Amino acid sequence: MHSDKTPSVIYDDNEIVNHSNNTHFNDILASNLNRRSVLRGSVATSAGVLLGSVGLTACGGDGGTATPSPNADKGADKLKLSFEPVQHTNADLVTVPKDYQVSILHALGDPIRYGHSSWKDDGSETAESYQFRIGDGHDGMYYFGLSNDGKFDANRSDKGLLCVNHEYVVQPYGLHENGITWIADPKFPKPASLAKDASDEQKAAYKKANDDYLYYRRRKADEITKEVYAHGASVVEVRRDAGSNDMKMVDSEFNIRVHSATPMAFGGPAAGNAKLVTKLSKDGMAAFGMNNNCACGYTPWGTYLTCEENYLNVLARKRGDDTGRTKAEVDALKRYGLPQGRVSPYSWDQVEGDQATDDKFARWNSSQGGEGSTAKDDFRNIFNTFGWVVEIDPFKPDSKPVKRTALGRFNHEGAWPAPAKAGEPIVIYSGDDARNEYVFKYVSDAKWDPADVNKGFEASAKYLDKGTLYAAKFNDDGTGEWLELTHGKNGLDAGNSLYPFADQADVLIHCRLAADARGATKMDRPEWGGVNPLNNEVYMTMTNNSQRTADKLNAANPRVGNTNGHIVRWREQGSQAGTTFKWDIYLFGARVDGKQSENLSKLSATNDFSSPDGLYFDQRTQGGAGLLWIQTDDGAYTDVTNCMMLAAIPGEVGDGKTVTTKEGQQTIMGAHATGENIRRFLVGPYDCEITGVVVTPDGKTLFFNVQHPGEADANFATNEFTSHWPGNQPGITSQHKDHKRPRSATVVVTRKDGGVIAL
């Protein structure tokens, strides 16, 4: 997940590859919200919050009523925000309320075990050392309490394992001595800049020359290898300082890196399928590495779910590769954004010299080999091995991660479970983060048994390898249904006119096409999701759509140029595993100065925000469950304030009212935001995204991530960047102090008086 500021070297996650005729969510909203019956109360939103991370009860115990009354007292009224809101700021610092303090847990390049050198602030660390260093692009994360005997303890706060995603490298300013080295082919040099008044003929010639330059340029092997190791995830043991709630990373047998070259296994219906066979896995049972892991999830038995989102960053396909492939293959590759001739932004396959044939570089190009080759001889199927939910058992550092194929393959923003309830299935929600893509739900066949806590991958095989995947359809009357994606049902078979699904593995590998065929509803970049532990309602952000024009307004998108985003939420009907739901629009983001989208939710200077992205429902076991944390990844308000995190007390589906925008468009929204139900808790440094948040069970320590500070520009000769964070953060330790290069990092927030966070 990236803001519009993200450099062009990064994959455009806004690219539309869904060209199906399925109804777009905007069309449904227009129909839905203009219906008088709906406007009387089936769709409404609450006080100013977004979606969150999962709402799972400790150790998978009783998660509460499976079909909560939308008006029942679930305890949210007992929450009361206690901190003084942070004001807008463009300071190159993490700014928190006056009664709070911050420390840096770890940053890009920090060694995870003793014996490795500290980060040198000049990009000179070896590529190989990044197998033992903290990676780049800190993103989704989760805290697992650690018992004295090395097991998962959902109630422990002073000692735990923190799992952190490393989504991607930026430019990258921290990794290499002088940024990325691009080596042009002498036959295809980089073309000179195009004049503003260029003719169409000149524009076409420039495009061809630039396409050739990108296609034939090369990279240094050591730089590629360093980036491969800097992706993935970190697992580290953390402990509290004596007499405080601050946390430190400690040297531990649990400290590991999982990266883009880590051997992995496949689990579930697609494991061993012919479409996963590659030169490195001739039986289709093994994968190698995970990429662009954005948001995350976790299981009640104590494992971490990390999700591959914009994996197109690292994958390419040769020109002319359609020849020799079936129509179905070509259609599927295009539907997932990999047409022939595509150059990946990272160009990991374009290594210089003789190493171009080395499999560790060649595998990043998903093309057919020479004449007579098969899938066992080349990497034509390598593309299919990415885009999955990857499970890591943090309590067994020697175990091999597993890609759980039953949850489907797409741009996984995350995997958010509903509260686990004994005797009911495990339910996990996911968003496909791209414009016009879908919302998914997985329901396990097996029913939850709390005795499976701490059973690791044994429990995982039980709950995550056998189940049903659904795609969401939002009806125009405020109801919705989950469309089953099972081979042999509802036309998902070899006779399907859109794509011939051979078996269930084919459905899961190409579940976007299956959702197309079933008529799921197109959504506007489904980002982070979460389940409110107080009432089981599900939230998912639609981050923004700056391309909204006056002729495309409707009730759910009533503002011209919706640069500030909104949120959808729903309540399942019957059990959480049911197939019908009711939905509404939860909150509209806006600038308080009114320079962009209309401020429909009446946000003030103490709680206005733009582009909601990361969210997390607090699950602290000692009071405070249900508090919602809101994070932004924004490029539309950064002239006034850097990206931020807010704390909010959420409402319920059906608590809003009808309004009419300045353009005369009728819509409906939640209760107005006030200083009592939503406040800005912190603001990050310059150029950053605020992402990933989790709170310890006692509510006294909060972790969050700062991603890509200083992404906009760099001068390596003078060591000048648009941000120097975290080296300039007041009060931090010498390990991170005074460094010039910007670094993604995990931040620890505590109250100076030792009290609980935010309340």
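Conventions adopted
- Residues numbered from 1 in each chain as written.
- Predicted model: local features only at pLDDT ≥ 70, side-chain atom pairs only at ≥ 80, totals over all residues.
- Heavy atoms only, no water.
- Buried < 20%, exposed > 50% of the residue type's maximum accessible area, 1.4 Å probe, protein only.
- Helix = DSSP H or I, 4+ residues; strand = E, 2+ residues; numbered from the N terminus.
- Pairing = 2+ DSSP bridges.
- Axes fitted to C-alpha atoms, helices over the stretch in contact; angles between N-to-C directions.
- Lys, Arg positive; Asp, Glu negative; His and termini not counted.
- Salt bridge = Lys/Arg side-chain N within 4 Å of Asp/Glu carboxyl O.
- Contact = heavy atoms within 4.5 Å.
- Polar contact = N/O pair within 3.5 Å; in protein donor to acceptor, adjacent residues only side chain to side chain.

1. Some words on the pairing of strand S31 (residues 678–683)
- Within S31, 6 of the 6 residues are buried, which leaves it mostly tucked inside the rest of the structure.
- Of the pairings in the sheet, the one linking strand S28 (residues 644–648) to S31 comprises 5 bridges and is antiparallel in character. Along S31, the bridge assignment pairs Ala-647 with Arg-679.

2. Side note on the sheet that holds strand S10 (residues 286–288)
- Here 6 strands make up an open sheet; going across it, the order is S10-S9-S14-S13-S12-S11 and the pairing mixed. In the strand order of this sheet, the two ends are held by S10 and strand S11 (293–298), each with one partner. Across the sheet, the mean angle from the axis of one strand to that of its neighbour is 35°, orientation sign disregarded.
- When strand S9 (residues 263–267) meets strand S14 (residues 402–404), the two strands line up parallel, connected through 3 bridges. Bridge assignment links Ala-265 to a residue of S14, and that residue is Val-402.

3. Topic: the side chain of Lys-226
- The topology assignment puts Lys-226 in helix H4 (residues 221–230).
- Although Lys-226 is buried, it makes no salt bridge; Glu-125 carries the closest opposite charge, 4.8 Å away.
- When sequence neighbours within four positions are dropped, the list of residues in contact with Lys-226 reads Gly-123, Ser-124, Glu-125, Thr-126, Ala-127, Tyr-130, Leu-175 and His-176.

4. Focus on the sheet that holds S28
- Pairing is antiparallel in the open sheet, where 4 strands are placed in the order S26-S27-S28-S31. The two strands at the open ends of the sheet, each matched to only one other strand, are strand S26 (612–617) and S31. Each strand of the sheet is rotated relative to its neighbour by a mean of 25°, with strand direction disregarded.

5. Some points on the environment of Asp-634
- One can find Asp-634 in the loop between strand S27 (628–632) and S28.
- A relative accessible area of 3% means that Asp-634 is categorised as buried.
- The sequence separation of Asp-634 and Glu-689 amounts to 55 residues, and the corresponding C-alpha distance is 7.2 Å.
- Engagement of the side chain of Asp-634 in a polar contact is seen with the side chain of Ser-610, the distance being 2.9 Å.

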